[in-house]
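Examining the three-dimensional arrangement
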Amino acid sequence: MRLDYYLSHAQGLSRKDAKINIKKNKVQVNGVVVKKANHQVLESDQIMLGDIVIEWPSDRYYMMNKPADLVCANQDAEQTTVMTLLPEHLHKGLNIVGRLDKDTTGLLLLTTDGQWLHRITSPKHECSKTYLVHLDSVMSEQAVSELTQGVMLNGESVSTLPATVEVVTETCIRLTIKEGKYHQVKRMLAAVGNHVVSLHREGIGGVELDSELAVGEFRELTLEEIETLR
Ligand code: URA
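Quick summary incoming for the structure in this document.

Procedures and definitions
- Residues numbered from 1 in each chain as written.
- Predicted model: local features only at pLDDT ≥ 70, side-chain atom pairs only at ≥ 80, totals over all residues.
- Heavy atoms only, no water.
- Salt bridge = Lys/Arg side-chain N within 4 Å of Asp/Glu carboxyl O.
- Helix = DSSP H or I, 4+ residues; strand = E, 2+ residues; numbered from the N terminus.
- Buried < 20%, exposed > 50% of the residue type's maximum accessible area, 1.4 Å probe, protein only.
- Pairing = 2+ DSSP bridges.
- Contact = heavy atoms within 4.5 Å.
- Axes fitted to C-alpha atoms, helices over the stretch in contact; angles between N-to-C directions.

1. So, the pattern of salt bridges
Applying the stated criterion across every chain, the model contains 13 salt bridges. With its nearest N and O atoms 3.9 Å apart, the salt bridge here joins Lys19 to Asp4. Of this pair, Lys19 sits in helix α2 (residues 15-23) while Asp4 sits in helix α1 (residues 3-11), and the two are 15 residues apart along the sequence. The salt bridge partner of Asp101 is Lys186, with a shortest N-O separation of 2.8 Å. Taken together, the residues Asp101 in the loop between β6 (95-97) and β7 (105-111) and Lys186 in helix α5 (residues 184-191) connect sequence positions 85 residues apart. Look at Lys186 and you get partly exposed, because its relative accessible area is 24%. Shared partners join several salt bridges into a network, and the residues in it are Arg2, Asp4, Arg15 and Lys19.

What follows is the structure, given as structure tokens:
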């Protein structure tokens, strides 16, 4: 990549300021002053601006305990987004991994790593998601059995993949699915004649919502959590 791109991306400089610094002989690549903005560099090169080493930023990974009433979008003209819970300097390059409905709470992942995001959200990889689902009506054995076998959602032509259902109370189940269709859980419960009152995501793949995170809080993922989902 070009040296001016490296500087602007890694240091948050405008391309113009990056070029000015290069012109002023302030930038070294592997110990040698480089005067050309289009000089090709690698992430592994040592780039210095003055006497400061400018590291190539590595990807960032967060989990959030999403509150209800916020929309999962990077920007929204009318509604408050989950991004408002993160300080602005973290927003750059950050994407939401598998959106939740506005009224859904719980585990939300955010990352700058596009491949990692794709691995979790692509239907091909069948990454599991676990939800605690509170319901309007009592769950019959028949409804549980239908969910575990797969149901036909309104407007779809193929039935859902078999799900795992743990009955928590008469009107509460823990549901694990390996897909992420639009409003999938609500539509699955509608397909068996019930209605979702509240929905809370507890886990994605091997990663569980940290019980220490208060509603609206976020934290970086640990290396182990990142690798679990890779
Ligand atoms: N399924 C839904 O219906 N809503 C969500 O927010 C997540 C899964």
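Right, picking up where we left off after that structure.
2. Some details on the sheet that holds strand β2 (residues 32-33)
The strand order β2-β1-β3-β4 describes an open sheet built from four strands, whose pairing is antiparallel. Only two strands of the sheet have a single neighbouring strand rather than two, namely β2 and β4 (52-53). Together, β1 (27-29) and β3 (47-49) form the strand contacts of α1, whose direction differs from that of β3 by roughly 70°.

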